[in-house]
Amino acid sequence: MSNQGFAIVLSGPSGAGKSSLFQRLKEDFPNLLFSISCTTRPPRPGEKDGVDYHFYSQEFFHHGIQRGDFLEYANVHGNFYGTPKAPLLNAIQKGHTMVLDIDVQGARQVKSVLSPEFVQEHLEFVFVAPPSLEILEERLRKRGTESPESLQRRLENAHTEMMAWREYQYLVVNDKLDKAAAEMKAILMAAQCKTQRASWPTQG
Ligand code: ADP
Ligand code: 5GP
């Protein structure tokens, strides 16, 4: 009995808790993979090239676009971000589970560039929302990673990003982290059990 690989696309406003939830999932599912995006945004203190992101210059990123390296890419809060195509397709082909932390524009592109059959078989879409925009602002300020301009832009964009939540299959409201993490875990486990991903040896 072997299960087919799939990817979980996580979107939600900056500060909603996507990274925190991925870290929590990783504790329960150590084999879970993370899709390392490429970005032109400068690294934050503590972020590692090739671990959190592949940090690219504008020029290098545009070469990547021309070479067709990205499954999707978008300008988010003033910087480019893109999902490398090959690692994702490899992971799925090998039966792994991979998490993509991408914005709503990226999630829409993923749905439109891949065939509906592939999307149905191999992708799950989860929207992570903060309990309110006020709490989002408080968390982003406390995180302390953004310049005043970047913080302002992220808060302005949060309102528009929130309007996309119905485009997703699941909504996780990140009020208490423990509860949100338990919901994410339930989604992942349900996704693993979907019949379209399973095979049963006696029936092929
Ligand atoms: P994202 O990856 O969506 O930008 P983060 O995971 O970095 O968001 O979370 C934003 C900030 O909020 C971080 O400082 C994180 O520690 C904090 N945080 C995340 N979830 C919660 C929660 N449920 N309650 C309180 N703080 C939280
Ligand atoms: P951050 O700068 O806080 O790491 O990420 C900012 C936003 O960019 C988040 O909404 C995150 O989901 C999104 N993002 C990260 N990687 C990608 C990517 O590869 N593609 C797209 N479209 N968005 C991404």
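Heads up: these notes are all about the structure in this document.

Focus on the pattern of salt bridges
Within the structure shown, the criterion is met by 13 salt bridges. A salt bridge links Glu167 to Arg108; the shortest N-O distance between them is 2.8 Å. A residue pair is termed long-range when its members are at least 10 positions apart, and Glu167 in the loop between α7 (148-162) and β9 (170-173) and Arg108 in helix α4 (residues 104-113) qualify at 59 residues. Take Glu167: its relative accessible area is 35%, and that puts it in the partly exposed class. Arg197 is the partner of Glu124 in a salt bridge, and the nearest nitrogen-oxygen pair spans 2.9 Å. Taken as a pair, Glu124 in strand β8 (residues 123-129) and Arg197 in the segment after α8 (177-192) lie far apart in primary sequence, 73 residues in all. Each of the two residues, Glu124 as well as Arg197, counts as buried. Each of the salt bridges in this network shares a partner with another, and the network as a whole consists of Arg41, Arg44, Glu47, Arg143, Glu146 and Arg154.

Observations regarding the site of ligand 1
Taken together, 14 residues sit near ligand 1, with Gly15, Ser19, Ser20, Arg143 and Asn174 positioned nearest. Between an oxygen atom of ligand 1 and a side-chain N or O atom of Arg143, the distance comes to 2.8 Å. Here a nitrogen atom of ligand 1 sits 2.9 Å away from a polar atom, N or O, in the main chain of Asp175. When ligand 1 sits alone it has 560 Å² of accessible area, and the protein chains cover 74% of it. Taken atom by atom, the bulk of ligand 1 overlaps the largest pocket. For the shell around ligand 1, the secondary-structure elements that each account for two or more residues are α1 (18-28) and α6 (133-143). By residue class, the composition of the shell around ligand 1 is 3 nonpolar, 6 polar and 5 charged.

As for the pairing of strand β5 (residues 70-76)
Most of β5 sits out of view: 5 of its 7 residues are buried. Across 6 bridges, the pairing between β5 and strand β6 (residues 79-84) is antiparallel. When the bridges of β6 are listed, Phe70 appears paired with Pro84. Two successive antiparallel strands, β5 and β6, enclose a turn made up of 2 residues, where His77 displays a positive phi of approximately 50°.

Criteria and thresholds
Residues numbered from 1 in each chain as written. Chains lettered and ligands numbered in written order. Predicted model: local features only at pLDDT ≥ 70, side-chain atom pairs only at ≥ 80, totals over all residues. Heavy atoms only, no water. Salt bridge = Lys/Arg side-chain N within 4 Å of Asp/Glu carboxyl O. Helix = DSSP H or I, 4+ residues; strand = E, 2+ residues; numbered from the N terminus. Buried < 20%, exposed > 50% of the residue type's maximum accessible area, 1.4 Å probe, protein only. Near = heavy atom within 4 Å. Polar contact = N/O pair within 3.5 Å; in protein donor to acceptor, adjacent residues only side chain to side chain. Areas by Shrake-Rupley, 256 points an atom, 1.4 Å probe, with all protein chains shown as cover. 1 Å grid on protein atoms, 1.4 Å probe; cavity = no way out; pocket = protein on both sides within 12 Å on 5 of 7 lines; lining within 4 Å. Sits in = over half its atoms within 2 Å of the grid points. Nonpolar A, V, L, I, M, F, W, Y, C, P; charged D, E, K, R; others polar. Pairing = 2+ DSSP bridges.

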